[in-house]
Amino acid sequence: MSSSAPTARIELEIGGMTCASCAARIEKRLNRLDGVEASVNYATEKAVVSAPAGIDAQALIDEVVKTGYTAALPAPPASDADSPGPADGPADPELTSLRQRLIGSAVLSTPVILLAMIPALQFTYWQWASLALAAPVVVWGAWPFHRAAWINLRHGAATMDTLISLGVSAAFLWSLYALFFGHAGMPGMTHAFEWSVTPSDGAGDIYLEVAAGVTTFVLAGRYFEQRSKRRAGAALRALLEIGAKDVAVLRAAPDGATAEVRVPIAELRVGEEFVVRPGEKIATDGIVVSGTSAVDASVVTGESVPVEVAPGDPVVGATVNAGGRLIVRATRVGDDTQLAQMARLVEDAQSGKAKVQRLADRISGVFVPIVLLIALGTLAGWLLTGASASMAFTAAVAVLIIACPCALGLATPTALLVGTGRGAQLGILIKGPEVLESTRTVDTVVLDKTGTVTSGRMSLVDVVLAEPVEASIPDPNIGDSTPFRSESGDGSEKRANVRIPDAAAHARAELLRFAGALEHASEHPIAQAVAHAAADETGPLPEVEGFQNIPGKGVSGVVDGHAVLVGREALLTDWALTPAAGIRTAKAEAEALGRTAVLVAWDGEVRGMLVVADQVKPTSAEAIAQLRPLGLTPILLTGDNAAAARAIADEVGIERVIAEVLPHDKVAVITGLQAEGRVVAMVGDGVNDAAALAQADLGLAMGTGTDAAIEASDITLVRGDLRSAADAIRLSRATLGTIRVNLFWAFAYNVAALPLAALGLLNPMIAGAAMAFSSVFVVGNSLRLRRFRSLSHSRR
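A brief report on the enclosed structure follows. Quick caveat, the model's predicted, so the values are computed rather than measured. (Residues numbered from 1 in each chain as written. Predicted model: local features only at pLDDT ≥ 70, side-chain atom pairs only at ≥ 80, totals over all residues. Heavy atoms only, no water.)

Turning our eyes to something else, we now look at the packing of aromatic side chains. Any two aromatic rings considered together are summarised by their centre-to-centre distance and by the angle between their planes. Taken as a whole and assessed by the stated rule, the structure comprises five aromatic pairs. Three or more aromatic residues link up through ring pairs in this structure, and these residues are W174, Y177 and F181. (Phe/Tyr/Trp six-rings, centres within 6.5 Å; stacked < 30°, edge-to-face > 60°.)

What follows is the structure, given as structure tokens:
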């Protein structure tokens, strides 16, 4: 198939898998189809198939069925009315069956094991009582293993179930032989429990405790493994379920009026307006049309502090309206919403495979046949050395049981499930398992300034009054007034020793009120920053008459009967106005820091200056401090002038600055750092960062940024908080470390245990317990990632 041919992505839910070798068999079968690339994940029980466009999904399902397993397309999400709640809904049938078999087997096996291990309890005919108790365990309790082994045998394959079924059946059948045809069934027969294999003629030995005990231990391991896998995927399921189920849409009534109509969320369309009352979930992504409120976005971003929203502000579906009534216009619905995209990213990451897992899968695929050969070799080897048939048989059974590759198949998927799920809860979306490898070696993090270290929005940062503010205050002693002047921009002395903050505050408020009223009529980002700050501080702004916009210079108009000018110094020069020396000095200082100075004049006099800048985010300095202990060297990258960049860097604690870089040169900067031998992570948010994010060894995009940046990145930081970058790298490294510990345990366990079993140093029942424990250990170790915490106190 040509690499340019269109392909389709098909997801299948796989049933009947019991170990990683099952997944490897299905994957191998699907990949034999022309043009098909399949990845089967044992932990998620899903197959992700890339196939030629137009392929019939049923053909893929048929191939899986031919392998001995079940497959189906994922069922569409049920509506709230159709799906039962967790309290009354049916439990997982596989988990329920395993629990029932485990409880029954444990109750019956316990006396069998105790009788075999403690000779003092071995009453007359105890062996026949053990047979009566063990038989249901071997037949009913172990039935899932026998059934799977038979299905695999029919398809010419061997899996973990084959090993368990062979081991349990052999131990039970040998016990039947010894009881009925040997002398183990004689009254008063006793034998002591041994941790290892001991020589005997075999006719007097029974292994009912091995058959029952192994079944119980493996069932316990399988049950806890299955339950843990469900817990590991709980974060994704919760993410998919937190959205609103219905919505109050504003639609035209027959009489022409607008009325609220509550409809299922699936019927909401882009462009429609809907109502969100206090306490309700916002139905989908949109823009606030009217109303103000605080929105709790913790379920999506991990941020526990509510965000204030007003008309014109964007809101995200599934967040909770914590305050007033809002009317929102839908901008994205269904699979296009941020929540759906987050869920898709998490699911893709959980379905993928790291390089280490692919190696483990290849080993698992051939492991079972190799173990069967080792077991036969063990049996033959002991017999050739003159050992009894009983001893040889026991060692071979121990080999079969100890070698089950459950832990090997669970090592990577369970850690990925838990790690990526926990990341989603914290607003960190890891795109795939291969990303984890990159975080381990990163030593340099390049930070785009605007929108990453800074807020990316202009805001008012300073107000400078041009002239001393005179006021009079009554003197209670003389009944007269005392002249007073406030602090001034030109540094002149005050005319009185008494400082009157109210006079300066009044002058500041007047300056903001006049400038804000004029700037409110302009759409320029700087003008809007002034207008918003003025409205917040002084309240409603007055009307403007005779408004004029002078391109490149500023605006003019009449406010409350005063002729007001707001803009650059060139605008004032046109009106023959000159700022005082103090204003000129403050203006030069502000511009040296990369800030914008806006001069304000009215009635023929320069009254003051407003300083507007893209402010550093309150959390950026803390974020830089968190990156350094991770072995990362931060570098600030910006197109601003060097002085402005240096000021920002000094404020947040960054030593190296690369300034005055054009957008298309950012890739060259990343390439240059890589040429120095650095492994580079890049954090950005804009369209002009997309190429650099793709070039970097690890790209992290702020979720508040553009779709292009998010698409080009490896990790998305939903909150747009730079502290998330440190959390993302810590979580990725923790997940990778967990995978490595899991794989080491799984490999080391098999490497160490197989020789012990083959040499007769392990009782088969102990081998069964050890095998079950290895799987539980791997899953339990992965679940530790659920306790991962952000370093930021405001985060969950």
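After that view, the rundown keeps rolling.
A sheet is described by the order of its strands in space; here four strands give the open sequence β2-β3-β1-β4, paired in antiparallel fashion. Pairing within the sheet leaves two strands with one partner each, and these edge strands are β2 (37-41) and β4 (70-72). Neighbour to neighbour, the strand axes of the sheet diverge by 25° on average, direction disregarded. Taken together, the seven bridges between strand β1 (residues 7-15) and strand β3 (residues 46-52) define a ladder with antiparallel strand orientation. Counted as the bridge partner of I10 is V49 from β3. Against the sheet, helix α2 (residues 57-66) touches β1, β3 and β4, its axis set at about 35° to β1. (Pairing = 2+ DSSP bridges. Helix = DSSP H or I, 4+ residues; strand = E, 2+ residues; numbered from the N terminus. Axes fitted to C-alpha atoms, helices over the stretch in contact; angles between N-to-C directions. Contact = heavy atoms within 4.5 Å.)

A few words on the side chain of D448. Checked against the element boundaries, D448 lands in strand β15 (residues 444-448). You can call D448 buried: its relative accessible area is 6%. A distance of 2.9 Å separates a polar atom in the side chain of D448 from a polar atom in the side chain of K666. (Buried < 20%, exposed > 50% of the residue type's maximum accessible area, 1.4 Å probe, protein only. Polar contact = N/O pair within 3.5 Å; in protein donor to acceptor, adjacent residues only side chain to side chain.)

Right, let's talk about a nonpolar patch on the surface for a bit. Judged by side-chain polarity, L114, M117, I118 and L121 come together as a nonpolar surface patch covering roughly 300 Å² of accessible area. Inspection of the secondary structure puts M117 in helix α3 (residues 93-117). Of the residues examined, M117 reaches a relative accessible area of 32% and is grouped as partly exposed. (Patch = residues over 30% accessible without salt bridge, like charges linked within 9 Å, V, L, I, M, F, W, Y side chains within 5 Å. Areas by Shrake-Rupley, 256 points an atom, 1.4 Å probe, with all protein chains shown as cover. Salt bridge = Lys/Arg side-chain N within 4 Å of Asp/Glu carboxyl O.)

By size, the foremost hydrophobic cluster in this structure holds 45 residues, and its most contacted members are L447, V683, L698, L700, I715 and L722. In terms of residue count, the dominant contributor to this core is helix α25 (residues 723-758) (eight residues). (Core = buried A, V, L, I, M, F, W, Y, C linked by side-chain atoms within 4.5 Å.)

In short, geometric facts, not functional conclusions.
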